[in-house]
Amino acid sequence: MKHKFWKKSRVSRLVAYALVLGMMLSLAACGKEAKDTRQKAKSIFEFFDDEPDTDDPWATESTQAPVQPSTGDVVVDPPEINPPASDPNQYSDTENEELNQLFAEYFEEYVTSSSVSYRDHIQDGKNFGGLEPPKEATLGEESDYSEEGFAKSKQEVEDWIARLEALDVNTFTEQQRFDYDYLLDNLKTCLVTFDNIYIGGSFAPMQGVQANFPVMFTDWFFLSKEDIQLCIDIMKLYPPEIDKALEFEKVRTEKGYGYEDCIIDKIIEQCDEFLNQTGENFMITVFNEHVDGFDGLTDAEREDFKKQFADGVNNQIVPMYQRIRETFVGLKGKNQIKGGMVNYEHGSEIYAYLVREYSGSTKTPEEMIQYLEQKMSDAKTRMSMYYIRYPDAYQYFTDHESSLFNYLSNKDPKEMEDYLINNVMSEFPDIGEINYDIMYFEKSLEKIRENSVAYYMIPPIDDTSENTIRVNGAHLDDLWVTLAHEGCPGHMYQTNYYRKTNPNPIRCMGLELGYLEGWAVYASYESLKYCDFNGSQYADVLGKLAQLDESYGYMIYGRIDLGINAEGWTLEDVRSYVTKMGLSSSSAETFYTLLSGDPGVYLSYSVGYLEMQDMRDYAEEQLGDKFNVVEYHKAVLDAGPCKYDQLKKRVDKYILENK
């Protein structure tokens, strides 16, 4: 998914001007300082003199020497990535069948636990040893929000960990060990949530039920007549479950863990967007369109399905949203703790878990703060270098920063994605044709999910013949990067590539957002080298500046997230920070609400991307002239979604095999 983030107010112009002005003022200051500053200024030009003799700004990105940031920036040593050594693990030549059976049992238990899980993952159970879906529509085991219920769930996870750890890892093949480590890591890291059950809620502004419930049904494409009935039956099962979640919200609030008023206001606003529609509810409209487009139904069957669904929406889902709204109106003003997760008992522990889950990085929140600040300093330095070397292109960029991609806004997204598939994929392994479609958000969803620019719908594991990208029609000002992120070479390409490697199904169940969003951001930026920016003579430089500009925006989001949730920044702290970063102070409340309401989410984009780019730079440094970008991408894609410490093992293997 590509999220909206607020564009900087000419940050690139301010960055370069501030750095260059800082050098000029230092030169005018006094003797010794002036001399030292002149030497530093000279070194910037020497840097360009040492570059390969090329006018291609893309050819030198990974070779840039570090430059000290301006005074006031946090300076840390770059993260050390040790060169690969011989693999110390002993692997078996034959697979451990007991492990395979555990994998199969875990997969079966997961996907057959609910009708939704089965449908999301499996098209045809025959492809998985004859796995059958639940006989009746079910959301799984009845929810239990009591401490006893959470303790039971924790015990189930611990039992799985014990069963896995009882096996001898030296009897695994290399791939089995990789998949085993992946599953065990995920099980262990989630344990911390069961000991701190009141910290997290189900109604966050970006990931909450009220924001995402309609998407499940507007994206439900029918595979059979029975599937239409399943859609209706599943929808009707949700209101009682949501009511339990609302009761838990009241308990959370009583114990001091409820949402702040600014977050509650956003939840209420999303409910109002759903409830205050004119005419027929959009869920009904979309369902009816899907039914009309499905062949093999009699007129009577169509009308019956439409009536059932409309009754469910009007008599169950609309009242459900009304109850969500009423509950949170009643919870306003009752929050006892202000600010991010660090202010809650055990909040830092939970946040550290979220940081790892969302970013995929092994860095602690404290290490990540220094890491982001160093990367932001590096980005500003690179901006200043482009300002010095390509002044005309830089001036063009700052003059057109908010409208660089506007010439694409009237293009048909399908046509745009076809262009990307045919013109930007030369550095990625070929996987043949991908069948896909692109559709716009329903109008009401544009506001309910206003922070989502677009998303890619992940198909079942055993059928990638149909791929769908949804685009928010309210945000078409960055169509190139959006479609490169969601389509090719981003999410759609990565998903289809990995499915073709025939991975163990357990590797297709979770969402390793650090890897997934890190790849999509990285790949979309790589595609910019092929963008001609409407025939601009500065196209090559504009691509790099656009990449720096957008990645800097993600880093701002990540830094504020860490500031709020790891350091306890208040709204005023956020306002002070965004003002310092060249943003409007009026954006502070939006940042604060979003990043305290959905802690850690944006780290999958900011840190996830930076880790992915660091991995590329590391491989290039280790291999030098032997580095092959297509083969490198193949190594990363073959590994599949995982944490970055696991990904490095695969990249190390690629390096050892190609040195």
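Every value quoted in this text rests on a predicted model; they were computed, and no experiment measured them. (Residues numbered from 1 in each chain as written. Predicted model: local features only at pLDDT ≥ 70, side-chain atom pairs only at ≥ 80, totals over all residues. Heavy atoms only, no water.)

Okay, the overall build of the protein next. Each helix and strand in the protein was counted, giving 25 helices and four strands. For the protein, with 659 residues in total, the buried portion stands at 55%. Intrachain contacts of the protein at a sequence separation of at least 6 include 80% that bridge at least 24 residues. Here the protein has roughly 28,800 Å² of accessible surface; of this, 47% comes from carbon and sulfur atoms. (Helix = DSSP H or I, 4+ residues; strand = E, 2+ residues; numbered from the N terminus. Buried < 20%, exposed > 50% of the residue type's maximum accessible area, 1.4 Å probe, protein only. Contact = heavy atoms within 4.5 Å. Areas by Shrake-Rupley, 256 points an atom, 1.4 Å probe, with all protein chains shown as cover.)

Glancing now at the packing of aromatic side chains. As enumerated under the stated definition, the model contains 37 aromatic pairs in all. Here a set of aromatic residues connected by ring pairs shows up, and it is made of Tyr 145, Phe 150, Tyr 198, Phe 248, Tyr 257 and Tyr 344. Across from the ring centre of Trp 160, 4.8 Å away, lies the NZ or CZ of Arg 163, which sits over that ring. (Phe/Tyr/Trp six-rings, centres within 6.5 Å; stacked < 30°, edge-to-face > 60°. Lys NZ or Arg CZ within 6 Å of the ring centre and 35° of its normal.)

Below, the discussion takes up the pattern of salt bridges. A full pass over the atoms with the stated rule returns 41 salt bridges. Among the salt bridges present, the one from Lys 411 reaches Glu 415, with a minimum N-O distance of 3.5 Å. Across the salt bridge formed by Glu 567 and Arg 559, the nearest N and O atoms sit 2.9 Å from each other. The exposure class assigned to Arg 559 is buried, which follows from its relative accessible area of 4%. Each of Asp 185, Arg 356, Glu 357, Glu 512, Lys 643 and Asp 645 takes part in one network of salt bridges that share partners. (Salt bridge = Lys/Arg side-chain N within 4 Å of Asp/Glu carboxyl O.)

What follows concerns the nonpolar core. Ranked by internal contacts, the top residues of the largest apolar core, which has 194 residues, are Phe 217, Met 283, Phe 309, Phe 328, Trp 480, Ile 560 and Leu 647. With 15 residues, helix 20 (residues 539–567) is the largest single contributor of residues to this core. Residue contacts for Met 283: discarding those within four places in its chain leaves Phe 213, Pro 214, Phe 217, Met 235, Phe 274, Phe 309, Val 313 and Ile 317. (Core = buried A, V, L, I, M, F, W, Y, C linked by side-chain atoms within 4.5 Å.)

This part takes up unusual backbone geometry. With an omega of 10°, the peptide bond running from Cys 488 to Pro 489 counts as cis. Inspection of the secondary structure puts Pro 489 in the loop between helix 17 (479–486) and helix 18 (491–500). Of note in this structure, His 346 is not a glycine but carries a positive phi near 65°. Relative to the helices and strands, His 346 is located in the loop between helix 11 (299–331) and helix 12 (347–359).

Glancing now at empty space enclosed by the protein. Following the criterion strictly, the structure yields four cavities of 30 Å³ or more and no others. What the second largest cavity holds in volume is close to 70 Å³. Every residue along the wall of the second largest cavity is listed here: Pro 205, Met 206, Ala 211, Lys 266, Gln 270, Ile 448, Arg 449, Glu 450, Asn 451 and Ser 452. In the lining of the second largest cavity, the residues fall into four nonpolar, three polar and three charged. (1 Å grid on protein atoms, 1.4 Å probe; cavity = no way out; pocket = protein on both sides within 12 Å on 5 of 7 lines; lining within 4 Å. Points joined across faces, edges and corners; volume = space filled by probe spheres on them. Nonpolar A, V, L, I, M, F, W, Y, C, P; charged D, E, K, R; others polar.)

Within the element layout of this structure, Ser 115 appears in helix 4 (residues 115–121). With residues near it in sequence (within four places) discarded, Ser 115 still touches Pro 134, Glu 136, Ala 137, Thr 138, Leu 230 and Ile 234.

Another point: the confidence of the model for the protein. Taken residue by residue, the protein gives an average pLDDT of 87. The fraction at 70 or more is 87%. Note on residues 5–54: pLDDT is under 50 here. Beyond four places in sequence and across chains, it has 73 contacts. Note that pLDDT drops below 50 for residues 60–81; the model gives that stretch 31 contacts with residues more than four away or on any other chain. (pLDDT = per-residue confidence, 0-100.)

On the secondary structure map, Val 313 appears in helix 11. Residues Val 313 and Met 235, spaced 78 residues apart in sequence, show a C-alpha to C-alpha distance of 8.3 Å. Non-local contacts of Val 313, meaning those with residues more than four positions away in its chain, are made with Met 235, Asn 281, Met 283, Ile 284, Val 318 and Pro 319.

Let's shift gears to the packing of helix 20 against helix 22 (residues 588–597). Across the interface, helix 20 lies against helix 22 with an axial gap of 9 Å and an inter-helix angle of 70°. One way to sum up the angle between helix 20 and helix 22 is to call them roughly perpendicular. Every pair of crossing elements has a handedness; the one defined by helix 20 and helix 22 is right-handed. In contact with Ile 556, Tyr 557, Ile 560, Asp 561, Ile 564 and Asn 565 of helix 20, helix 22 contributes Phe 591, Tyr 592, Leu 594, Leu 595 and Ser 596. Among the residues forming the contact of helix 20 with helix 22, the class breakdown is eight nonpolar, two polar and one charged. (Axes fitted to C-alpha atoms, helices over the stretch in contact; angles between N-to-C directions. Parallel < 35°, antiparallel > 145°, perpendicular 65-115°, else oblique. Left-handed = near helix turned anticlockwise from the far one by under 90°.)

Running from N to C, helix 6 (residues 174–194) and helix 12 cross one another at 150°; their axes reach a closest spacing of 9 Å. Overall, the two elements helix 6 and helix 12 adopt an arrangement that is roughly antiparallel. In this structure, helix 6 meets helix 12 at a crossing whose hand is left-handed. Along the contact surface, helix 6 presents Asp 185, Asn 186, Thr 189, Cys 190, Val 192 and Thr 193, while helix 12 presents Glu 349, Ile 350, Tyr 353, Arg 356 and Glu 357. Taken together, the residues of the contact of helix 6 with helix 12 sort by class into four nonpolar, three polar and four charged.

Most of helix 18 sits inside the fold, with nine of its ten residues counted as buried. In the stretch just after helix 18, Asn 502 is the one whose phi turns positive, near 55°.

Another point: the environment of Trp 480. As for its position among the elements, Trp 480 is in helix 17. Sequence separation of Trp 480 and Tyr 419 is 61 residues, and the distance between their C-alpha atoms is 9.9 Å. Among residues more than four places away in sequence, those in contact with Trp 480 are Phe 405, Leu 408, Met 416, Tyr 419, Leu 420, Val 424, Ser 527, Leu 528, Tyr 530 and Cys 531. A distance of 3.0 Å separates the side chain of Trp 480 from the side chain of Ser 527, its partner in a polar contact. (Polar contact = N/O pair within 3.5 Å; in protein donor to acceptor, adjacent residues only side chain to side chain.)

For Gln 646, the location among the structural elements is in helix 25 (residues 644–658). Given a relative accessible area of 7%, Gln 646 falls into the buried group. At 2.9 Å, the side chain of Gln 646 forms a polar contact with the backbone oxygen of Phe 178. Those residues within four positions of Gln 646 in sequence are excluded, and the remaining contacts are Phe 178, Asp 181 and Tyr 182.

With that out of the way, let us pick up a negative patch on the surface. Taken together, the side chains of Glu 108, Glu 109, Glu 156, Glu 158 and Asp 159 present a region of like negative charge at the surface. Secondary structure elements with two or more residues in the negative patch: helix 3 (97–111) and helix 5 (147–165). If you trace the backbone, Asp 159 turns up in helix 5. The partly exposed category is assigned to Asp 159, whose relative accessible area is 39%. (Patch = residues over 30% accessible without salt bridge, like charges linked within 9 Å, V, L, I, M, F, W, Y side chains within 5 Å. Lys, Arg positive; Asp, Glu negative; His and termini not counted. Charge placed at Lys NZ, Arg CZ, Asp CG, Glu CD.)

With respect to the helices and strands, Gly 347 occurs in helix 12. Separated by 218 residues in the primary sequence, Gly 347 and Asn 565 have C-alpha atoms spaced 8.4 Å apart. Once you skip the residues sitting within four places of it in the chain, Gly 347 turns out to touch Ile 199 and Met 341.

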